[in-house]
Amino acid sequence: MSTTTATHHDDHGDHGHPTGVMRWVASTNHKDIGTMYLWFSLFMFFFAGALALGIRAELFQPGLQFMEPENFNRLTTLHGLIMIFGAIMPAFVGFANWMIPLMIGTSDLAFPRLNNMSFWLMVPAAILLIASIFVPGGAIAGGWTMYPPLSVQNPSMAVDMSILALHILGISSIVGSINIITTILNMRAPGMTLMKMPLFVWTWLITAFLLIASMPVLAGALTMLLTDRHFGTAFFDAAGGGDPVLFQHVFWFFGHPEVYILILPAFGLVSTMIPTFARKPLFGYASMVYATAAIALLSFVVWAHHMFTTGMPVAGQLFFMYSTMLISIPTGVKVFNWIATMWQGSMTFETPMLFSIAFVFLFTLGGFSGLVCAILPVDIQVQDTYYVVAHFHYVLFSGAAMAIMGAVYYWLPKWTGFMYDETLGKWHFWLTTIAFNITFFPMHFTGLAGMPRRVPDYALQFAEFNMISSIGAFALGVSQLLFLYVVIKAIRGGKPAGDNPWEAEGLEWTVASPAPFHTFETPPTVK
Amino acid sequence: MSQNTNNYYLPAPSLWPLIASIALFMMAGGLAMDLNDIASGNYVLIAGTLVFIYLLFGWFKEVITESLSGFYNKQVDTSFRWGMGWFIFSEVMFFAGFFGALFYIRTFALKWISQSTIVWPDFAGTWPTSGPAATQALEAMAPWGLPAYNTLILLISGATLTYAHWGLMKDNRKQTIIGLALTVALGAVFLYLQVHEYAEAAFTMDSGIYGSTFYMLTGFHGLHVTMGTIMLLIILFRVIKGHFSSKDHFGFEAVAWYWHFVDVVWLFLFVFVYWL
């Protein structure tokens, strides 16, 4: 940072542009931190994906071929934990870091050092979680939801390590969310009112609020678990006057906002990409904002739909059924608006658009199966079956993960300065989409037919569909290697992208590609 | 170092975030080892805590130095206000989870256990209780003794803190210092009385659900009072050193907000844990 004007560089100390390890370890730069989050997420995606392949290998045929049941349970538990906390959430934070300052025309996040801390806290959490595999007793195996009494009775140190890892992740998320909210509320370029912000910024503003409100409740649940384990408390022990279902209430009070945390940024990503490739502004911007806010608010009053079969009174079940069904309304508004954006647009189908259109269609399918689960008498039947597994993979993989993949393709030119290989990108898209559906669509049927979740072996009537799912899963896993290849290839070179290869709207496209280390040191004025 | 405050301050690359990660890693690892009776766990936990304290002093010192050097403009000040506000909100939600647990147990869980005819048919499910398997009667905490005094102490401490703030806004150094010192003293007295209450209590954390909820809620509150008192003490030192002016004293305000938050949580505790 050897140059020029005193005004630009005096604001950020005497530092130059650090190199080597220090650049990453001591970073206060939103682009570098965003990059670290994205690589971390990609690595965790492959790790958790490999765990899933272990699951599908065992489930390829009935009977126990490869592993003890306990190890199978460890795979399912870690697959869930790492995908949610290690892959999806960090990817969204990576996008938030890279793109929010660019989109609102500011130089960095409000608290750049805290930003770096949020990232580096992920490392001890990941180490604790992965190390827990190797301690006596092995990794936790009671599902990512860690219900007591099992999680209280399990003597393995892995439970404590996992609890503490989640605490650290919670601190990372809460601090990061405070950072993001403050940035969005305080540092928008002059002229950028709230209702002129890109929708991705809105979805992250709302997601950050959900995180700050819900993660501390998870911390409470985890702490009660820890004290029940080691300090003789009776929160989840009926003999002491407690209740295992209490954990479920506290956990899901966090857990339900959490799943909206896992999808709202994806809504923002898709709302960014579709207008670009339809060459039309987003339809119904205001209603998109209100719908997102409505979804977030409603997400706090639906948690017990994860608990319909725990013996709660009918009045409670009915309340949660109705409130859950209500969420489909603002969600439907968003789906209609994406379609309306495309309507009579001038469309092209580059890879980001392919992922976005697939998102609209497949996420909607996931939303429908969620609505089916919301209906109390149906849920009594499908709770803890593969129908639920199908539902959440449709919303989380063909929803969140595919939105992330599409957005990576969308912004790779901005990050690297090079266009990615469009042919390979399309191959990746089609292989992923087809393999995804082969893997997860049959699970609707096995679930309705009664196959339970989290089982390493199953009744013979489920065999054919399980075999199909497993074949699809391996195809899905292998095709992600193509994604890795495309990303690395784009970083190393390609057709120069120019500032705005997609001719898209948005302040991020007004800076050079690759984006300079410092951007918008003086904020632009927005009309 | 020029003090251009037109642009938002961007800090230099810093190792404090990494040190924070190392500290929390050692604390978590040490705690996990400790809870599972691994001998060296204690040392790792203590070492991690020391690193954490070093981190807090180091990072805050860096921020204070930047502030005193005039790097922070109005916009940065606004960022700090938003940041502290949202942080306190997250702490509110943390307590909300425990209050929610208490509400669920008292309203639903105990009622349902008492309705069981097969297991523990004699259990009445009234509050307070150590649960159906309790072997001895529970002597709950009486609200109108020590807890009531503590309520008064915290409420008065809120007043002394406001008195100090008014002093600061009038550049009355003596008033500020006296008000802050009184607040710190009251906080310390509160903590002393709480420890005394814990020592004298007829029940422990493993005395069923009453003990569990009581100690979890009051325990975390006490932890927050401890942190608040330490922060107030540090602000007192900063006032004595002349760090603040009547126009510019966000550090004081942030800690004051925190202290009032701690006070409000106590009021909820007093009503829902001690009294009702």
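Residues numbered from 1 in each chain as written. Chains lettered and ligands numbered in written order. Predicted model: local features only at pLDDT ≥ 70, side-chain atom pairs only at ≥ 80, totals over all residues. Heavy atoms only, no water.

(A) The arrangement of the overall build of chain B in detail. The helix and strand inventory of chain B stands at 7 helices and 0 strands. The order of helices and strands in chain B, counted from the N terminus, is α-α-α-α-α-α-α. In chain B, the proportion of contacts linking residues at least 24 apart, taken out of those at least 6 apart, comes to 72%. Charged side chains of chain B number 11 positive and 15 negative; the gap between the two group centres comes to 16 Å. (Helix = DSSP H or I, 4+ residues; strand = E, 2+ residues; numbered from the N terminus. Contact = heavy atoms within 4.5 Å. Lys, Arg positive; Asp, Glu negative; His and termini not counted. Charge placed at Lys NZ, Arg CZ, Asp CG, Glu CD.)

(B) How the structure looks around the overall build of chain A. Helix and strand counts for chain A stand at 18 helices and 0 strands. Taken over C-alpha atoms, the radius of gyration comes to 23 Å for chain A, in line with the 24 Å a tight globule of 527 residues would show. Taken along its principal axes, the extent of the C-alpha atoms in chain A is 70 × 50 × 45 Å. The proportion of buried residues among the 527 residues of chain A is 65%. Counting contacts in chain A only where the partners sit at least 6 residues apart, residues at least 24 apart contribute 82% of the total. Carbon and sulfur atoms make up 72% of the accessible area of chain A, which totals about 18000 Å². When the 19 positive and 25 negative side-chain charges of chain A are each reduced to one mean point, those points stand 9 Å apart. (Rg over C-alpha atoms; globule rule 2.2 N^0.38 Å. Buried < 20%, exposed > 50% of the residue type's maximum accessible area, 1.4 Å probe, protein only. Areas by Shrake-Rupley, 256 points an atom, 1.4 Å probe, with all protein chains shown as cover.)

(C) Structural context of the nonpolar core. Phe85(A), Phe95(A), Trp204(A), Leu269(A), Trp338(A), Phe359(A) and Trp411(A) are the most contacted members of the largest nonpolar core, which has 265 residues in total. With 22 residues, helix 4 (residues 69-104) of chain A is the largest single contributor of residues to this core. Lining this core are residues from two domains, each supplying at least three of them: domain 1 (12-71) and domain 2 (80-94 + 140-275) of chain B. Beyond its immediate sequence surroundings of up to four residues, Trp411(A) is in contact with Phe95(A), Met99(A), Met103(A), Leu269(A), Thr272(A), Glu508(A) and Trp509(A). (Core = buried A, V, L, I, M, F, W, Y, C linked by side-chain atoms within 4.5 Å. Domains from an automatic or database assignment.)

(D) Molecular detail of a nonpolar patch on the surface. All names here are of chain A. Residues Trp430, Ile434, Ile438, Phe441, Phe445, Phe465 and Ile468 make up a contiguous nonpolar surface patch of about 630 Å² in total accessible area. Where the nonpolar patch is concerned, the elements lending two or more residues are helix 17 (422-448) and helix 18 (463-492). The dominant element in the nonpolar patch, judged by the number of residues it contributes, is helix 17, at 5 residues. Here isoleucine 438 is to be found in helix 17. Owing to a relative accessible area of 37%, isoleucine 438 belongs among the partly exposed residues under this scheme. (Patch = residues over 30% accessible without salt bridge, like charges linked within 9 Å, V, L, I, M, F, W, Y side chains within 5 Å. Salt bridge = Lys/Arg side-chain N within 4 Å of Asp/Glu carboxyl O.)

(E) Focus on the side chain of Ser173(A). Residue and element names in this part refer to chain A. One can find serine 173 in helix 8 (residues 157-186). Since its relative accessible area comes to 16%, serine 173 is described here as buried. Leaving out residues up to four positions away in the same chain, serine 173 has contacts with Met89, Leu211 and Met215.

(F) Spotlight on helix 7 (residues 250-275) of chain B. The terminal C-alpha atoms of helix 7 of chain B, which comprises 26 residues, lie 36 Å apart, in line with the 38 Å expected from a rise of 1.5 Å per residue. At Leu269(B), helix 7 of chain B is deflected by roughly 30°, the largest bend along its length. (Expected span 1.5 Å × (residues − 1). Bend = angle between axes of the 7 residues up to and from the residue.)

(G) Main features of the pattern of salt bridges. Applying the stated rule across the entire model yields 9 salt bridges over all chains. The partner of Arg113(A) in a salt bridge is Glu66(B), and the shortest N-O contact between them spans 2.8 Å. With Arg113(A) in helix 5 (residues 112-120) and Glu66(B) in helix 2 (residues 41-68), this residue pair bridges two chains. According to the relative accessible area criterion, Arg113(A) is buried, its value standing at 8%. A single salt-bridge network, built from bridges that share partners, covers Arg113(A), Glu62(B) and Glu66(B).

(H) Local environment of the domain arrangement of chain B. Assigned domains within chain B: domain 1 (12-71) and domain 2 (80-94 + 140-275). A straight line from the C-alpha centre of domain 1 of chain B to that of domain 2 of chain B covers 24 Å.

(I) Structural detail: the interface of chain B and chain A. On the side of chain A, 72 residues touch chain B, which itself brings 66 residues to the contact. Both faces combined, the contact of chain B with chain A buries some 5800 Å², and carbon together with sulfur accounts for 74% of it. The largest per-residue losses of area from chain B upon contact with chain A belong to Leu10(B), Leu35(B) and Trp86(B), which jointly make up 11% of the total buried on that side. Counting every contact that joins chain B to chain A gives 2 salt bridges. Across the pair Arg113(A) and Glu62(B) runs a salt bridge whose closest N-O atoms are separated by 2.7 Å. Where the side of chain B that touches chain A is concerned, the elements lending two or more residues are helix 1 (16-35), helix 2, helix 3 (74-114) and helix 6 (208-240) of chain B. Among the elements that take part in the side of chain B that touches chain A, helix 3 of chain B stands out by supplying 21 residues, more than any other. Partitioned by chemical class, the residues of the side of chain B that touches chain A number 45 nonpolar, 18 polar and 3 charged. (Buried area = accessible area lost by both parts, 1.4 Å probe. Nonpolar A, V, L, I, M, F, W, Y, C, P; charged D, E, K, R; others polar.)

(J) Representation of the packing of helix 14 (residues 351-374) of chain A against helix 17 of chain A. Residue and element names in this part refer to chain A. Helix 17 packs onto helix 14 with a crossing angle of 10° between their chain directions and a minimal axis gap of 10 Å. As the angle between them shows, helix 14 and helix 17 are arranged roughly parallel. Residues Thr351, Leu354, Phe355, Ala358, Leu362 and Ser369 of helix 14 form the contact with helix 17, whose participating residues are Glu422, Gly425, Lys426, His428, Phe429, Trp430, Thr433, Phe436, Asn437 and His444. Of the residues in the contact of helix 14 with helix 17, the class split is 7 nonpolar, 7 polar and 2 charged. (Axes fitted to C-alpha atoms, helices over the stretch in contact; angles between N-to-C directions. Parallel < 35°, antiparallel > 145°, perpendicular 65-115°, else oblique.)

(K) Quick look at helix 14 of chain A. End to end, helix 14 of chain A covers 34 Å across 24 residues, agreeing with the expected 34 Å (1.5 Å per residue, within 8%). Taken as a whole, helix 14 of chain A carries its principal kink of about 25° at Phe359(A).

(L) How the structure looks around unusual backbone geometry. The omega torsion across Pro148(A) and Pro149(A) is 0°, close enough to zero to call that bond cis. Turning to its location among the elements, Pro149(A) is positioned in the loop between helix 6 (122-131) and helix 7 (150-153). Here Trp127(B) and Pro128(B) are connected by a cis peptide whose omega angle stands at 0°. Here Pro128(B) shows up in the loop between helix 3 and helix 4 (146-169). Notably, Gln344(A) is not glycine yet its phi reads approximately 60°, a positive angle. When you line up the elements, Gln344(A) lands in the loop between helix 13 (314-342) and helix 14. Taking the relative accessible area as the measure of exposure, Gln344(A) reaches 72% and is therefore exposed. In this model, Asp384(A) sits at a positive phi of 60°, which is unusual for a non-glycine residue. The topology assignment puts Asp384(A) in the loop between helix 15 (376-382) and helix 16 (386-416). According to the relative accessible area criterion, Asp384(A) is partly exposed, its value standing at 38%.

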